[in-house]
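# Overview (structure and organization)
In case you want the letters, here they are:
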Amino acid sequence: MDCKLLLCLPGGFPDGCGDALDHMIDRIPDGKSPIGTCSMAGGGEHDDYEIDYAFNGATSRDDWQCPEGTRLYHASRPVEGNRSAVDVFCYKRSNTVRLGEDARTYYTGTRRPERTDFTLDMVMNLSAETPYETGVMRFNTGRARDCMTSIYYTE
């Protein structure tokens, strides 16, 4: 399955690669690398790649994505102990109204952003003249580690 994962990952897990994606997602919460051992025909291990990955929390702005044509509002603040509150939403337009020293911002076209809790960046075929880079790929593993975070969606 790890060899299939190496083939499917650069393509963003197209049709037929769901089991490879599930395999990767199952490995990472246990502290394992997303990819295990891929044995080659000669008995050696395919290791001609570098992988950088991380679980990210809701307080990270990078873990929220909005549809094209909208912007992200993201604010994080401590509340009590180790807890944080996160206000997050996508919006199309904002307008700030000033009345003397007071100001209030209004948002239109709001909606809930998509959450991803795992990022992965991989370079394959390091020994090649032109290695292949996946770029940062984002996944929602369904296993967000935000037990100490409250998330508020404003719609």
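See the structure printed just above.
Residues numbered from 1 in each chain as written. Predicted model: local features only at pLDDT ≥ 70, side-chain atom pairs only at ≥ 80, totals over all residues. Heavy atoms only, no water.

### A word on a nonpolar patch on the surface
Convention followed: Like-charged residues within 9 Å of one another, or nonpolar side chains (Val, Leu, Ile, Met, Phe, Trp, Tyr) within 5 Å, are grouped into patches, provided each residue has over 30% relative accessible area and no salt bridge. Only the protein chains shown count as cover for residues, and all accessible areas are computed by the Shrake-Rupley method using a 1.4 Å probe. Each salt bridge in this description consists of a side-chain nitrogen of Lys or Arg and a carboxyl oxygen of Asp or Glu lying within 4 Å of one another. By the criteria applied, helices consist of DSSP H or I runs no shorter than four residues and strands consist of E runs no shorter than two, each listed in order from the N terminus.
Nonpolar side chains collect at one region of the surface, where Val-97, Leu-99 and Tyr-106 lie side by side and expose about 300 Å² of accessible area between them. Within the secondary structure, Leu-99 sits in strand 5 (residues 93–99).

### Digging into the pattern of salt bridges
Under the convention used in this document: For every residue, the accessible area (1.4 Å probe, protein chains only) is compared with the maximum for its type, and the residue is labelled buried under 20%, exposed over 50%, or partly exposed between those bounds.
A full pass over the atoms with the stated rule returns two salt bridges. For the salt bridge of Lys-4 with Asp-19, the shortest nitrogen-to-oxygen distance reads 2.9 Å. Of this pair, Lys-4 sits in helix 1 (residues 2–8) while Asp-19 is found in helix 2 (residues 18–27), placing the two residues 15 residues apart along the sequence. For Lys-4, a relative accessible area of 29% translates into the label partly exposed. We note a salt bridge from Arg-77 to Asp-87, for which the minimum N-O separation is 2.6 Å. Taken together, the positions of Arg-77 in strand 3 (residues 71–78) and Asp-87 in strand 4 (residues 84–91) put the pair ten residues apart, joining distant regions of the chain.

### Focus: the pairing of strand 4
What counts is decided by this rule: At least two DSSP bridges between two strands are required for those strands to pair.
Counting buried residues along strand 4, eight of its eight residues qualify, which places the element largely inside the surrounding structure. Judged by which residues are buried, strand 4 turns out to be covered on both faces: Ser-84, Val-86, Val-88 and Cys-90 on one side and Ala-85, Asp-87, Phe-89 and Tyr-91 on the other are all buried. Relative to strand 4, strand 3 runs antiparallel, the two being bridged by eight bridges. Within strand 4, the residue paired with Tyr-73 across the bridge is Phe-89. Taking the residues that link successive antiparallel strands as the turn, the strand 3-strand 4 hairpin has five residues, and the phi of Gly-81 there is positive, at about 55°.

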